[in-house]
Amino acid sequence: MKDAVRRNFDESPTAYEEYEAMTGRFATLSDRLYDLVSARTTGPIGTVLDAGAGTGISSRRFADCGTPVALDLSRAMLEANPVEHRVQGDFDSLPFGADNFDAVVFTASLFLTPEPERAVREARRVLRPGGPVGAVAPLGWIRADGEDVFRPLSRESRSPASAEAVGDALAAVFETETGVWSFETTAEALRTFHTVPAMAARLYPRLSTDARIERTRELLEDVEGPLEQRWRWFLGV
Ligand SMILES: C[S@@+](CC[C@H](N)C(=O)[O-])C[C@H]1O[C@@H](n2cnc3c(N)ncnc32)[C@H](O)[C@@H]1O
């Protein structure tokens, strides 16, 4: 599973940045997570572990107010990340000592591991006592009639862990708060999102990259907007 996630993201930086240029979605999620986390700290945030940092959208947000350490499984995603401190690694098994960070954030990443409880225990270990952890996990794409986009298409968009599993893992270790962020979006944005190899893999994990993107394009070509994209946020202390 981890190898597949790494391989899929290794193929994804360009398409990921194209989707971001179109929607600004990950920058918005990073801004909102930043607001939640910074409300739990006094003064600058300090050293932040950006767990699943990708091409640096979340890292750049935290660089404004602290020192992010960008950790990612995918070398290609990390190579596009502009921050100074970058580490290729797995957030389920962190290469850092205890009490090393003032905050840990998982911006759209914690649901990508099949056992989020391992990553959460690691986050607890490397956080200084009382340091906050923030996370956001997808709840899906919803049509105007309230139906999940994929249900009538007889397809599930499946990630290794659900938002519920992410919440349970966090609540087992931290005092957590949670809520839902909802964004109006378009069918075009949905299609662009699924040109990212790692996102198309959620629908057709067994197909080759080109084949899965083609099948995803066919699957989504008749979807009409407007749509709503929902994310569940978590703050743990
Ligand atoms: C959807 S991207 C989010 C990137 C970034 N946080 C942002 O806001 O744009 C998820 C990232 O998590 C990384 N990832 C997935 N599983 C991981 C793991 N077990 N350890 C470290 N990184 C992981 C992926 O390689 C990918 O770069």
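So, a few notes on the structure that sits alongside this text. These figures come from a predicted structure and were not determined experimentally. (Residues numbered from 1 in each chain as written. Predicted model: local features only at pLDDT ≥ 70, side-chain atom pairs only at ≥ 80, totals over all residues. Heavy atoms only, no water.)

**Concerning the packing of aromatic side chains**
Each pair of aromatic rings is reported with the distance of its centres and the angle of its planes.
Here's step 1: Overall, the coordinates contain nine aromatic pairs when judged by the stated rule.
Here's step 2: Note on tyrosine 16 and phenylalanine 26: the rings are 4.8 Å apart at their centroids and 25 degrees apart in plane angle, and the pair reads as stacked. Here phenylalanine 26 lies in helix 3 (residues 25-38) and tyrosine 16 lies in helix 2 (residues 13-23), a separation of ten residues in the sequence.
Here's step 3: Residue classification places tyrosine 16 among the buried positions, given a relative accessible area of 10%.
Here's step 4: An angle of 70 degrees between the planes, with centres 5.7 Å apart, marks the rings of tyrosine 34 and phenylalanine 62 as edge-to-face. Pair noted here: tyrosine 34 is in helix 3 and phenylalanine 62 is in helix 4 (residues 57-63), with a separation of 28 residues, a long-range link. Of the two residues, tyrosine 34 and phenylalanine 62, neither departs from the other in class, the shared state being buried.
Here's step 5: Sitting over the face of the ring of tyrosine 34, arginine 61 holds its NZ or CZ atom 3.8 Å from the ring centroid. (Phe/Tyr/Trp six-rings, centres within 6.5 Å; stacked < 30°, edge-to-face > 60°. Helix = DSSP H or I, 4+ residues; strand = E, 2+ residues; numbered from the N terminus. Buried < 20%, exposed > 50% of the residue type's maximum accessible area, 1.4 Å probe, protein only. Lys NZ or Arg CZ within 6 Å of the ring centre and 35° of its normal.)

**A few points about the packing of helix 2 against helix 3**
Here's step 1: For the pair helix 2 and helix 3, interaxial distance at closest approach is 6 Å and the crossing angle is 75 degrees. Overall, the two elements helix 2 and helix 3 adopt an arrangement that is roughly perpendicular. Seen from helix 2, the contacting residues are Tyr16, Tyr19, Glu20 and Thr23; seen from helix 3, they are Arg25, Phe26 and Ala27.
Here's step 2: In the contact of helix 2 with helix 3, the residues fall into four nonpolar, one polar and two charged. (Axes fitted to C-alpha atoms, helices over the stretch in contact; angles between N-to-C directions. Parallel < 35°, antiparallel > 145°, perpendicular 65-115°, else oblique. Contact = heavy atoms within 4.5 Å. Nonpolar A, V, L, I, M, F, W, Y, C, P; charged D, E, K, R; others polar.)

**Digging into the nonpolar core**
Here's step 1: One finds Phe26, Leu49, Val104, Phe106, Leu110 and Leu170 to be the most contacted residues of the largest nonpolar core, which totals 69 residues.
Here's step 2: Leucine 170 has contacts with Leu110, Val120, Val133, Ala135, Thr176 and Phe234, leaving out every residue within four places of it along the chain. (Core = buried A, V, L, I, M, F, W, Y, C linked by side-chain atoms within 4.5 Å.)

**Focus on the layout of surface pockets**
Over the atoms a probe the size of a water molecule is rolled, and this reveals where empty space is left.
Here's step 1: Space inside the largest pocket adds up to approximately 840 Å³.
Here's step 2: What lines the largest pocket is a set of 49 residues, and nearest its centre among them are Phe111, Leu112, Pro138, Ser159 and Arg202.
Here's step 3: Per element, the largest residue contribution to the lining of the largest pocket is four residues, and it comes from strand 5 (residues 133-143).
Here's step 4: Of the residues assigned to the lining of the largest pocket, the class counts are 22 nonpolar, 16 polar and eleven charged.
Here's step 5: Of the voids in this model, the second largest pocket is the one considered here, and its volume is about 450 Å³.
Here's step 6: Lining the second largest pocket are 19 residues, with Met1, Arg158, Ala201, Arg202 and Pro205 sitting closest to its centre.
Here's step 7: Secondary structure elements with two or more residues in the lining of the second largest pocket: helix 1 (2-10) and helix 9 (197-200).
Here's step 8: Here the element with the most residues in the lining of the second largest pocket is helix 1; it accounts for four residues.
Here's step 9: Residues that form the lining of the second largest pocket fall into these classes: twelve nonpolar, two polar and five charged. (1 Å grid on protein atoms, 1.4 Å probe; cavity = no way out; pocket = protein on both sides within 12 Å on 5 of 7 lines; lining within 4 Å. Points joined across faces, edges and corners; volume = space filled by probe spheres on them.)

**Notes on the pattern of salt bridges**
Here's step 1: Tallied over the entire structure, the rule returns 17 salt bridges.
Here's step 2: Aspartate 90 serves as the salt-bridge partner of lysine 2, at 2.8 Å between the closest nitrogen and oxygen. Taken as a pair, lysine 2 in helix 1 and aspartate 90 in the loop between strand 3 (85-88) and strand 4 (103-107) lie far apart in primary sequence, 88 residues in all.
Here's step 3: A salt bridge links glutamate 156 to arginine 158, with the nearest nitrogen and oxygen atoms 3.2 Å apart. No difference in accessibility class separates glutamate 156 from arginine 158, as the two residues are exposed.
Here's step 4: Here the salt bridges share partners, and the residues they tie into one network are Lys2, Asp90 and Asp92. (Salt bridge = Lys/Arg side-chain N within 4 Å of Asp/Glu carboxyl O.)

**Some words on the packing of helix 6 (residues 116-126) against helix 7 (residues 163-171)**
Here's step 1: Here helix 6 crosses helix 7 at 35 degrees, and the two axes come no closer than 9 Å. Crossing hand, helix 6 versus helix 7: right-handed. For the pair formed by helix 6 and helix 7, the contact residues are Pro116, Glu117 and Val120 on the first element and Ala165, Val166, Ala169 and Leu170 on the second.
Here's step 2: Classifying every residue of the contact of helix 6 with helix 7 gives six nonpolar, no polar and one charged. (Left-handed = near helix turned anticlockwise from the far one by under 90°.)

**Notes on the environment of proline 82**
Here's step 1: With respect to the helices, strands and loops of the structure, proline 82 is situated in the loop between helix 5 (75-79) and strand 3.
Here's step 2: Sequence separation between proline 82 and aspartate 50 is 32 residues, and the spatial gap between their C-alpha atoms is 13 Å.
Here's step 3: When residues no more than four places from it in sequence are discounted, the contact partners of proline 82 are Thr55, Gly56 and Arg60.

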